[in-house]
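# Structure at a glance
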Amino acid sequence: MQKVFFDVGISLDSYIAGLNGGAKNPLGDGGLNIHEWMFKQKSFRNHLGMIGGETNNIVNDIIENTFNRIGANIMGKRMFIEGEANWPEDAPFHCPVFVLTHEKREAWVRPGGTTFYFTDEDIQVVLEKAKKVAGKKDVRISGGARTIQQYLNAGLIEEGVIHIAPILLNSGVRLFEHLDKSKCTFEIENVINSPEVTHIFYNVKTNGQK
């Protein structure tokens, strides 16, 4: 059954990005350090058209399984701005990406199967379009924090994965800062530990959902 989920890295003090993020400083001050565990894995490097990397480990498998389940992505304009300036020509999605923005722009087709669609429609309308093009695969609410919060507050996310890196940023962008706690609850489905990161898999229940 098709699912809507988010999957993010986070610091030990609950930040998904540092301050001063932008095209020249993706993920803000110190934010890239949250994902050091991922950058060295073969499945991640292959997804970006890079060679090498570690394999035959549970972390590599988690990354590969995540990529394999995604049929479409939804992201906010800020995440796109940071990525557009830093992603390789073969953007690292290989499926449709819907960008929430008021900027009018034609669809941007990239090599490798990624097409960015720019829209200011209601988030539920965008989600229905993403589900349609995703086929039997899942839809990932990619970020940033505000976009994930919007979909959580609307009760539209069913699963979440948080990868906790043992680092401290001390300041930055918090994942749940604007979340209405009356809208949803989180139930732990699984926890997988590795030396560099802890992966927590959640079922997300909207208020009143059995």
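Refer to the structure above for everything that follows.
Residues numbered from 1 in each chain as written. Predicted model: local features only at pLDDT ≥ 70, side-chain atom pairs only at ≥ 80, totals over all residues. Heavy atoms only, no water.

## Overview of helix α6 (residues 145-153)
For α6, every residue scored as buried is listed here: Ala145, Thr147, Ile148, Gln149, Tyr151 and Leu152. Just beyond α6, the residue with positive phi is Gly155, at close to 70°. (Buried < 20%, exposed > 50% of the residue type's maximum accessible area, 1.4 Å probe, protein only. Helix = DSSP H or I, 4+ residues; strand = E, 2+ residues; numbered from the N terminus.)

## Comments concerning the pairing of strand β6 (residues 115-119)
Most of β6 is tucked away, with four of its five residues classed as buried. Bridging between strand β4 (residues 96-100) and β6 involves five bridges; their strand directions are parallel. Residue pairing across strands places Val99 opposite Phe118, the latter belonging to β6. Judged from the two bridges that link them, strand β5 (residues 108-109) and β6 form a sheet pairing that is antiparallel. (Pairing = 2+ DSSP bridges.)

## Thoughts on the environment of Asn25
Counting through the fold element by element, Asn25 comes out in the loop between β2 (15-17) and α1 (36-39). On a C-alpha basis, the gap between Asn25 and Glu82 in space is 7.5 Å, while along the polypeptide they are 57 residues apart. Apart from residues no more than four positions distant in its own chain, Asn25 is found in contact with Leu19 and Asn20. (Contact = heavy atoms within 4.5 Å.)

## Here we look at the packing of aromatic side chains
Within this structure, the stated rule accounts for twelve aromatic pairs. Between Phe39 and Phe44 the ring centres are 5.6 Å apart and the planes differ by 45°, which places this aromatic pair in the tilted class. A residue is classified by how much of its surface remains accessible, and Phe44, at 13% relative accessible area, is buried. A ring pair is formed by Trp87 and Phe116, whose centres lie 5.6 Å apart and whose planes are at 10°; its orientation type is stacked. Of this pair, Trp87 sits in the loop between α4 (77-84) and β4 while Phe116 sits in strand β6, and the two are 29 residues apart along the sequence. (Phe/Tyr/Trp six-rings, centres within 6.5 Å; stacked < 30°, edge-to-face > 60°.)

So yeah, pure geometry; function would need other evidence.
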